Every structure is written in C-alpha cells, then in structure tokens.
Amino acid sequence: MNTFLKSLITNSCNELISYADFIGAALYHPNYGYYMKDKQKIGRLGDFITTSNISDLYGRMMAKWFFNICTNGQIDPVFCEIGAGNGRFAEAFLQEWQETIKTPLKYIIVESSPYHRKLQRELLTNFSIVQVESLCEVEPFEGMIFSNELFDALPVHVIEKVNGNLFEVMIGIKDNELFEQKVLLTNSDILFFLQECKMELRENQRIEVPLAMEKMLREISQSLIKGMVVTADYGYTLEEWMDPRRAKGSLRGYFQHQMINDVLQHPGEMDITTHIHFDYLIQKGEQAELELISKLRQDEFLLKAGILKELENHYDPNPFSEVSKRNRAIRSLIMPSGMSSYFHVVIQQKGIKLNERNVFVE
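Note that the structure is a prediction, hence the values are computed from the model and not measured.

1. Section: the sheet that holds strand S16 (residues 291-297)
Adjacent strands of a sheet pair through backbone hydrogen bonds, lying either parallel or antiparallel. An order of S4-S3-S2-S5-S10-S17-S16 is seen for the seven strands of this open sheet, with the pairing classed as mixed. Sheet topology places strand S4 (130-132) and S16 at the edges, where each strand pairs with a single neighbour. Sheet twist, expressed as the average angle between the axes of neighbouring strands with direction ignored, equals 15 degrees. Most of the contacts of helix H8 (residues 211-223) go to strand S10 (residues 224-233), to which it runs at about 140 degrees, and overall it touches strand S2 (78-82), strand S5 (141-148), S10 and strand S17 (344-350).

2. Description of the pattern of salt bridges
Scanning all chains against the criterion turns up 20 salt bridges. Note that Asp243 is salt-bridged to Arg245, the shortest N-O span being 2.9 Å. Relative accessible area serves as the criterion here: at 69%, Arg245 is assigned to the exposed category. Shared partners join several salt bridges into a network, and the residues in it are Asp56, Arg60, Lys64, Glu96 and Glu99.

3. Focus on the environment of Arg202
Residue position: Arg202 is located in the loop between helix H7 (188-197) and strand S9 (206-209). The spatial distance from the C-alpha of Arg202 to the C-alpha of Ala247 is 8.0 Å, given a sequence separation of 45 residues. Once you skip the residues sitting within four places of it in the chain, Arg202 turns out to touch Lys161, Met242, Asp243 and Pro244.

4. Examining the packing of aromatic side chains
The geometry of two aromatic rings is summed up by the distance between their centres and the angle between their planes. Applying the stated criterion across every chain, the model contains 23 aromatic pairs. Look at Phe193 and Tyr280: their rings are 4.8 Å apart centre to centre, the planes differ by 75 degrees, and that puts the pair in the edge-to-face class. Here Phe193, found in helix H7, pairs with Tyr280, found in helix H10 (residues 278-287); they are 87 residues apart in sequence, far enough to count as distant. Assessed through its relative accessible area of 3%, Tyr280 is described here as buried. By the ring-pair criterion, three or more aromatic residues cluster together here, those being Tyr58, Phe66, Phe67, Phe79, Phe89, Phe93, Trp97, Tyr107 and Phe146. If you follow Lys295 out to its NZ or CZ, it ends over the ring of Phe278, 5.0 Å from the centre.

5. Quick notes on the packing of H7 against H10
In the contact formed by H7 and H10, the axes pass within 11 Å of each other and the chain directions differ by 95 degrees. The orientation of H7 with respect to H10, classified from their angle, is roughly perpendicular. On H10, the residues that touch Phe193, Glu196 and Cys197 of H7 are Tyr280, Gln283, Lys284 and Gln287. Considering only residue class, the contact of H7 with H10 consists of three nonpolar, two polar and two charged.

6. Considerations on unusual backbone geometry
The phi angle at Asn14 is positive, at roughly 60 degrees, despite the residue not being glycine. Even without glycine at this site, His266 takes up a positive phi of about 50 degrees. Its location among the elements puts His266 in the loop between strand S13 (258-260) and strand S14 (271-273).

7. Observations concerning the nonpolar core
With 42 residues, the main nonpolar core has Trp65, Phe93, Met228, Phe301 and Ile347 as its most contacted residues. If you tally residues by element for this core, the top one is helix H4 (residues 57-70), at nine residues. Look past the residues within four positions of Phe93 in its chain and what remains in contact with it is Gly59, Arg60, Met62, Ala63, Phe66, Phe79, Leu105 and Tyr107. If you look at the next biggest cluster of nonpolar residues, it comprises 39 residues, including Ile108, Val132, Val209 and Leu224.

8. Some points on the environment of Ala212
Structurally, Ala212 can be placed in helix H8. Between the alpha carbons of Ala212 and Leu154 there is a distance of 6.5 Å; along the sequence they are 58 residues apart. Excluding residues that lie within four positions of it along the chain, Ala212 makes contacts with Leu154 and Pro155.

What counts, and where the lines are drawn
- Counting of residues starts from 1 at the beginning of each chain's written sequence and follows it residue by residue.
- Note on the predicted model: pLDDT of at least 70 is required for a residue's local features to be given, and 80 or more for side-chain atom pairs to be given and counted; whole-chain, interface and lining totals, by contrast, use all residues.
- Side-chain calculation: all heavy atoms of the structure are included, whereas hydrogens and water are not.
- Paired strands are those between which DSSP finds at least two bridges.
- Starting at the N terminus, helices and strands are each numbered in turn, a helix being any DSSP run of H or I of at least four residues and a strand any DSSP run of E of at least two.
- Fitted lines through C-alpha atoms give the axes, limited to the stretch in contact for helices. The angle between two N-to-C directions lies from 0 to 180 degrees.
- Here a residue-residue contact requires only that any non-hydrogen atoms of the pair lie within 4.5 Å.
- Any Lys or Arg side-chain nitrogen found within 4 Å of a carboxyl oxygen on Asp or Glu counts as a salt bridge.
- Accessibility here uses a 1.4 Å probe with only protein chains present; expressed as a share of the type maximum, an area under 20% marks a residue as buried, one over 50% as exposed, and anything in between as partly exposed.
- A pair of Phe, Tyr and Trp rings is counted when the ring centres sit within 6.5 Å of each other, with Trp represented by its six-membered ring. The angle between the planes then sorts it: under 30 degrees is stacked, over 60 is edge-to-face, the rest tilted.
- By definition, being over a ring means that NZ of Lys or CZ of Arg is both within 6 Å of the ring centre and within 35 degrees of the ring normal.
- These descriptions rest on fixed angle ranges, namely under 35 degrees for roughly parallel, over 145 for roughly antiparallel, 65 to 115 for roughly perpendicular, and the rest for oblique.
- Three residue categories are used. Nonpolar comprises Ala, Val, Leu, Ile, Met, Phe, Trp, Tyr, Cys and Pro, charged comprises Asp, Glu, Lys and Arg, and polar comprises the others, including Gly.
- What is meant by a nonpolar core is a set of buried Ala, Val, Leu, Ile, Met, Phe, Trp, Tyr and Cys residues, joined one to another through side-chain atoms within 4.5 Å.

Right, here's the structure in full:
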C-alpha cells in the first residue's frame, strides 16, 4: 500500500492528493485496500463492532418490521442490503423470515469486498441469496434498500478555514512519511456543497465534505423503481456540525478497537470513518426522488418497530440462559447509554405514499 500511495502522490498534480483519494485507496484499492483484504475486521478479533454483531435481534427485528410493511401491499418482498460485511445481519434477518414469516422473499446483497462475499457465502449456505459486487448489477426492482454504516465509510474531502480563507487539506509524502498540506480551496464541487448546505465555517474549523454521498444516493434511487430506503448510520445535522466541540471534524480510524485520530497511520490496515451529514443526505435524497418519511435515533426506531414485545416476561436467575442473554441484548439496544443512541435511522420512500404513522403499525 505504501508503494502504491507513493506512486499515486508523486504522479499527481503538485505531488499532492485529496483526502478523498487517500481514503479511496486506503479502504477500497482492489489489492491493498482495508475492506478488500482477507482480514477479519468486525468483532473481537477485528477493529470495530456493529449493532448486528452484538445480537441477532437487530436483523430479526428488521425482518419483522419489513414484513409488516410488505403486508400493506405497497412494497414487494425484495430486500437489498448494501455492504453486508460478515453476513451476520443477513443471517439473523433470513432466520427470522424462515422461522416465523415463511413467505417468498428475495434477498440481494451488494458487496464490493471479495473477502466479505466469501464470508457471506459460507455463513448463508442454508439460505437463498443473490450476491453482486455493485448496485449497477442490480436490475431495478420494487422493495427495500437497507444499509448499516455505509455512508460513514465513503471517501471524503477535508477543508479548513484559516485566517478567513478556505483551504482544502491535501496529502503529500516525504521520506516515505505522509503529511498534510493546505492549499487554497478551488474545488467547485466543494464550494457548491457549502453553498447548498448554507454552511459557513468558523475560523480554524475543519470539516469533512462527502461529495461521494450524492453519487451513492443517485445509484440507490436508480436501482429502486418503487419502495423504501433505510439508512442506519451515525452523523450530525448542520446545527450539530456547527457546535464548537466539533471544530476539528470527525475523521478518525479504528485499529484493533483503538480510535486513531491520525488516519494517515496504518494505510490499508485500519478502518477509516467519519460522521455523516444527515441534512445533506436528506436533501440529496429528495433531489434523487427519495422522499423523507422519518429520521429517528436507532433506539427510538427499534422501540417503534416493537422490540419491547421481544422481552421475555419471566425471570430467569441464570445469567447465562438464552432468555437472560436475549433480554440483556434488548436492553443494550434501547438503553439511552447504549450503542443505538449514537445511530440514526433515516427512512425514505420512492413512488409510494407512506408516513411515520403507517410505517410503524401498532
């Protein structure tokens, strides 16, 4: 990876590349990219965890909620998951569908990583799935497109305001060491992003600019004739971005469950992530015919979807019993201090007319 980055930088204009180019290479290079390597990334032996790896409840709840929406006749039972990782969410979803719902279902997984596609095939041998590398391979369909922590892993540009001027933070290399260099901002797409978002940076404020988000939303919309898009991720609204506590942005890495502030370390060996711009996601979604139904914290979403019905009423003194484990998992997903409180679920629709009231049926 270091050799590739050195070549990429030295052959670039002014021998500098954007953070977006760096992140794209560090995460998605077909041979050296973090997500593409044959390396465990999720769980205790990896670098980070996700909600679906805490418990199978998340996937099972999504299956029940999706089925309830399908029963109103406005959505076909076609479920497309983008970025399925190790397949744990899909396994839980499909197990629930097979055990309790038992109606026809088409499950599509869009996964760019060869390593993760292999893990998914090994885990999901007892289920019928369609596996593709990119959304462009998916024939437009009616149903639901779901992603969990997809947008936070897209490449971003980084800008900063210094002495009243806007700069883009670029990356160079010297003596095999990567370094930052600020250049006067001239990228018209970034300037248009700031104009669209009505964002005025404070002095010395640094922020990530998610230009790749618009392209991803267009691809999602083009893949969906009619149905819903459900996005689970962490991020901020414009008002939250302007909080002084976020003056340094949110770009960071995760390496062996340790947060790394300097993402130029360990290129290709660690996860790189940012908080997403929710207002921009919603705005660009609207422009791509994806109408907002609701934006909820993930714990609020799970409560509305009926997770409390999953609690076992009877007490089991054995803390290692399946009942006790399940009840603890439910509480961990809905407690204010739990993981779900950091995530939001954005629900959008295309070609149908639903609202929050009839999306969550009591």
